[in-house]
Amino acid sequence: MTRIDPAALAEKLAGNSLARRIIVLEETPSTNLAAKALAAEDAPSGTLVLANRQTAGRGRRGRAWQSEAGAAVCMSLLLRPEFPAECAPRITIAAALGVCRALRTFGADAAIKWPNDVYAGGKKLSGILSELGTQGGGRPYIVCGIGINVGQRAFPGELAETATSLLLETGHTVALERVISEVLCALAPLFPACGEDAAYAALMEEYCRLSCTLGRQVKITGVDGVRCGRAEGLDTLGRLLLRTADGALLTIQAGDVSSLRNAENSEEREKE
Ligand code: BTN
């Protein structure tokens, strides 16, 4: 099994404003949980937690996240942003853009599936789980957890249909330290941009250009049942604007969605 080389990683990340303290765990249930525990102990913003093996990885909406030890990046970044709490959802949008940019530098044809999955060739390459918390005394923090499939040659069970890796997409083996440092380099200017309206607007423009959701017919299943329509754009908080067949424009919150499917093909639309 390939392990993260902490010395090589520290060298690559020297001077990165996000990774101020790097912790590499051999095994942990979830790097997000580990980062949250550190947040409760007053760990500083820029604490980066990585694991060679994650045994109970957490995904969005209470789902599990599986990752093959040594073949995947499991990382969580503790942030204590200075900007107002209502800007916090922007972090997730910025994280998706940073991961997408980084994975494209390795040659993957990566695109962002709203809100924050990175896809290539119609399959999932990376998932992001951002969790907001407050420490005793009400001090807020965000843990941004990122899982990236890097060196898997195949996926077990149902994942075979839905997941892909950098290796499968590009044919190249990439060291985990290189992927981690490329992601953190991409994220370093994006997170501060979340607190400035003009910089965030530019970030959103690039997010939209790299989106494989916007401009498409989609089928959304969530708290309000099934909704179909054209994904027309995003509002300033990153909520999806969905134009339905009757012309209404619905605003969809990421947290209310359990699945979003491309419904471009007419057969699928007829069924709806
Ligand atoms: C999703 O697509 O549902 C989000 C998956 C997020 C997985 C990452 S792996 C590192 C971090 N630790 C976790 O337990 N989850 C995130």
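The coordinates are above.
Attention in this report is confined to the structure presented alongside it.

Definitions and cut-offs
Residues numbered from 1 in each chain as written. Predicted model: local features only at pLDDT ≥ 70, side-chain atom pairs only at ≥ 80, totals over all residues. Heavy atoms only, no water. Near = heavy atom within 4 Å. Polar contact = N/O pair within 3.5 Å; in protein donor to acceptor, adjacent residues only side chain to side chain. Areas by Shrake-Rupley, 256 points an atom, 1.4 Å probe, with all protein chains shown as cover. Helix = DSSP H or I, 4+ residues; strand = E, 2+ residues; numbered from the N terminus. Buried < 20%, exposed > 50% of the residue type's maximum accessible area, 1.4 Å probe, protein only. Right-handed = clockwise from strand over helix to strand, strands pointing away. Pairing = 2+ DSSP bridges. Axes fitted to C-alpha atoms, helices over the stretch in contact; angles between N-to-C directions. Parallel < 35°, antiparallel > 145°, perpendicular 65-115°, else oblique. Left-handed = near helix turned anticlockwise from the far one by under 90°. Contact = heavy atoms within 4.5 Å. Nonpolar A, V, L, I, M, F, W, Y, C, P; charged D, E, K, R; others polar.

## A word on the site of the ligand
Turning to step 1, where the next piece is worked out: With respect to spatial proximity, 20 residues lie near the ligand, and among them Ser 30, Gln 54, Arg 58, Arg 60 and Lys 124 are the closest.
Turning to step 2, where the next piece is worked out: Taking Thr 31, its side chain carries an N or O atom lying 3.1 Å from a nitrogen atom of the ligand.
Turning to step 3, where the next piece is worked out: In this structure, Arg 60 approaches the ligand through a main-chain N or O atom, which is 2.7 Å from an oxygen atom.
Turning to step 4, where the next piece is worked out: Within the complex, the protein chains bury 97% of what would otherwise be the 410 Å² of accessible surface of the ligand.
Turning to step 5, where the next piece is worked out: Every element with two or more residues in the shell around the ligand is listed here: helix H2 (31–40), strand S3 (57–58), strand S5 (72–79), strand S8 (123–134) and strand S9 (140–149).
Turning to step 6, where the next piece is worked out: Sorting elements by how many residues they give to the shell around the ligand places S8 first, with four residues.

## Comments concerning the pairing of strand S2 (residues 47–54)
Along any regular strand the residues' side chains alternate between the sheet's two faces.
Turning to step 1, where the next piece is worked out: Counting buried residues along S2, seven of its eight residues qualify, which places the element largely inside the surrounding structure.
Turning to step 2, where the next piece is worked out: A crossover connection joins strand S1 (residues 21–28) to the parallel S2 through H2; in handedness this β-α-β unit is right-handed.
Turning to step 3, where the next piece is worked out: Here S2 runs beside S5; their pairing, made up of four bridges, is antiparallel. Pairing of Thr 47 across the sheet is with Leu 78, part of S5.

## Quick word on the packing of helix H3 (residues 89–105) against helix H6 (residues 176–193)
Turning to step 1, where the next piece is worked out: Running from amino to carboxyl end, H3 crosses H6 at an angle of 135 degrees, the nearest separation of the two axes being 8 Å. Taken together, the axes of H3 and H6 lie oblique to each other. Relative to H6, the crossing made by H3 is right-handed. The residues of H6 that touch H3, namely those facing Ile 91, Ala 94, Ala 95, Leu 97, Gly 98, Val 99, Arg 101, Ala 102, Leu 103 and Thr 105, are Val 179, Glu 182, Val 183, Ala 186, Leu 187, Leu 190 and Phe 191.
Turning to step 2, where the next piece is worked out: Here the residues of the contact of H3 with H6 sort into 13 nonpolar, two polar and two charged.

## So, the sheet that holds strand S13 (residues 249–252)
Turning to step 1, where the next piece is worked out: Here we have five strands laid out as an open sheet, ordered S13-S12-S11-S10-S14, and antiparallel in their pairing. Of all the strands in the sheet, the pair left with one neighbour each is S13 and strand S14 (257–262). Each strand of the sheet is rotated relative to its neighbour by a mean of 40 degrees, with strand direction disregarded.
Turning to step 2, where the next piece is worked out: Here strand S11 (residues 225–234) runs beside strand S12 (residues 240–243); their pairing, made up of four bridges, is antiparallel. The residue bridging Ala 231 from the neighbouring strand is Leu 242, located in S12.

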